[in-house]
Amino acid sequence: EHIADYSTPEMMKVHGAVFWKKEYAEKAMESLNKGTDFKWLKANADGQVSKDEKGVQQFEGNVIITSDLTEDIRKAVSGARPGEYRLYTSPEKYTYVLFIQEVFPSGTLSLERVREEISQKVFTDRIGSSIEDWSKKLREFYDVEVYATEF
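None of these values were measured; they are calculated from a predicted model.

Engineer: Looking at this structure, I do not really get the packing of aromatic side chains. What am I missing?
Structural biologist: Aromatic rings in a pair are described by how distant their centres are and how their planes are angled relative to each other. The tally for this structure, following the rule as stated, stands at six aromatic pairs. With 5.5 Å between their ring centres and 25 degrees between their planes, Phe38 and Phe99 make a pair best called stacked. Remark: Phe99 occurs in strand 5 (residues 95–104) and Phe38 occurs in helix 2 (residues 38–44); sequence separation between them is 61 residues. Look at Phe38 and you get buried, because its relative accessible area is 5%. A centroid spacing of 5.9 Å and a plane angle of 90 degrees characterise the contact between Phe59 and Tyr96, whose relative ring orientation is edge-to-face. In this pair, Phe59 is assigned in the loop between helix 2 and strand 3 (60–65) and Tyr96 in strand 5, connecting sequence segments 37 residues apart. As far as the burial class goes, Phe59 and Tyr96 line up, both buried. By way of ring pairs, the aromatic residues Phe38, Tyr85 and Phe99 are connected into one cluster. Over the aromatic face of Trp134 sits the side chain of Lys137, whose NZ or CZ is 4.9 Å from the ring centroid.

Pasting the structure below:
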């Protein structure tokens, strides 16, 4: 019932270069597909947008949870495999060349990793349930006045 509580989301390690025009980005993609190193390309390609420019998103090789990305970027990287390059054009009309360095698929955490957390949750739930049951039984036989309603 609580599998989502004990799962990791899909994540990707993404690098990006941002270009003023799609033509520059397509030329960069062509170079990359011929074997040019991404870091070299990012440092030397023509037509790149300054990272200080308004609306430019940074993809600096950090691990990103794909569900946190905007819908249009998610579509651009959907199904990507490590080592692939993808194009994405932003609403600001910048074109990104995205290098998918690593992909971490979503998955369920191992029981060994979450055993303590689950045990504590079950224990807390059972204690709460027992207190509630005893409270009901006490109320059946005794008048109970509640003096505090919040803790």
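That covers the picture; the talk isn't over yet.
Engineer: Just to check I follow, could you spell out the pattern of salt bridges for this structure?
Structural biologist: Scanning all chains against the criterion turns up six salt bridges. For the salt bridge of Glu60 with Lys42, the shortest nitrogen-to-oxygen distance reads 3.5 Å. Of this pair, Glu60 sits in strand 3 while Lys42 sits in helix 2; the two residues are 18 residues apart in sequence, bridging distant segments of the chain. The salt bridge partner of Lys75 is Glu71, with a shortest N-O separation of 3.7 Å.

Engineer: Which parts of the structure should I look at to understand the nonpolar core?
Structural biologist: One recurring pattern in soluble globular proteins is that nonpolar side chains are buried together. By size, the foremost hydrophobic cluster in this structure holds 17 residues, and its most contacted members are Val14, Phe59, Tyr96 and Leu98. When residues no more than four places from it in sequence are discounted, the contact partners of Phe59 are Val14, His15, Gly16, Lys42, Ile64, Leu69, Ile73, Tyr96 and Leu98. In this structure, Ala17, Met29, Leu32 and Leu41 belong to the second largest nonpolar core, which totals 11 residues.

Engineer: Help me understand the sheet that holds strand 2 (residues 11–19), please; the structure alone is not making it clear to me.
Structural biologist: Strands in a sheet are paired, the pairing made by backbone hydrogen bonds, and the direction either parallel or antiparallel. On the basis of which strands lie adjacent, the open sheet formed by four strands has the order 3-2-5-4 and antiparallel pairing. Unpaired on one side and paired on the other, strand 3 and strand 4 (85–89) mark the two borders of the sheet. Adjacent strand axes in the sheet meet at a mean angle of 35 degrees, parallel and antiparallel pairs treated alike.

Engineer: I keep staring at the side chain of Arg86 and nothing clicks. Help me out?
Structural biologist: Within the fold, Arg86 resides in strand 4. Here the side chain of Arg86 touches Ala76 through a polar contact of 2.9 Å, landing on its backbone oxygen. Beyond its immediate chain neighbours, meaning those up to four positions away, Arg86 contacts Met29, Ala76, Val77, Ser78, Gly79, Ala80, Tyr96, Val97 and Leu98.

Engineer: I tried to follow helix 1 (residues 22–33) on my own but got confused; where do I start?
Structural biologist: Since the α-helix turns once every 3.6 residues, residues separated by three or four places project in the same direction. Compared with the 16 Å implied by 1.5 Å per residue over 12 residues, the 16 Å span of helix 1 between its first and last C-alpha is a close match. What helix 1 keeps buried is the set Ala25, Ala28, Met29 and Leu32. Looking straight down helix 1, one finds its buried side chains confined to an arc of 100 degrees; they lie on one side. Those residues of helix 1 that are exposed and aimed more than 90 degrees away from the buried face are Glu23 and Lys27. Packing partners of the buried residues in helix 1 comprise strand 2, helix 2, strand 4 and strand 5.

Definitions and limits used
- By convention here, each chain's residues receive numbers from 1 onward along its written sequence.
- Local features are withheld for residues below a pLDDT of 70 in this predicted model, meaning they are given only at 70 or higher, and side-chain atom pairs are given and counted only at 80 or more; totals for whole chains, interfaces and linings count all residues.
- In computing side-chain properties, one takes all heavy atoms of the structure into account and sets aside hydrogens as well as water.
- Pairing of aromatic rings covers Phe, Tyr and the six-membered ring of Trp, with a centre-to-centre limit of 6.5 Å; geometry is then stacked below 30 degrees between planes, edge-to-face above 60, and tilted otherwise.
- Only DSSP runs of H or I reaching four residues or more are called helices, and only runs of E reaching two or more are called strands; each is numbered from the N terminus.
- With a 1.4 Å probe rolled over the protein chains alone, any residue whose accessible area is under 20% of its type maximum counts as buried; one over 50% counts as exposed, and the rest are partly exposed.
- By definition here, charges over rings are those cases where NZ of Lys or CZ of Arg is within 6 Å of the ring centre and within 35 degrees of the ring normal.
- Put simply, a salt bridge is a Lys or Arg side-chain nitrogen that is within 4 Å of an Asp or Glu carboxyl oxygen.
- As used in this record, nonpolar core signifies buried Ala, Val, Leu, Ile, Met, Phe, Trp, Tyr and Cys residues forming a set joined through side-chain atoms within 4.5 Å.
- Note on contacts: a residue pair is in contact if any heavy atoms of the two residues lie within 4.5 Å.
- Strand pairing is defined by DSSP finding a minimum of two bridges between the two strands.
- To define axes, lines are fitted to C-alpha atoms, for helices over the stretch in contact only, and angles between the resulting N-to-C directions are given on a 0 to 180 degree scale.
- Polar contact is defined as a pair of N or O atoms within 3.5 Å, subject to the rule that within protein one atom must be able to donate a hydrogen and the other to accept it, and that residues adjacent in sequence are counted only when both atoms are side-chain atoms.
- To estimate how far a helix should reach, multiply one less than its number of residues by 1.5 Å.
- What the arc describes is the spread of directions from the helix axis to the C-beta atoms.

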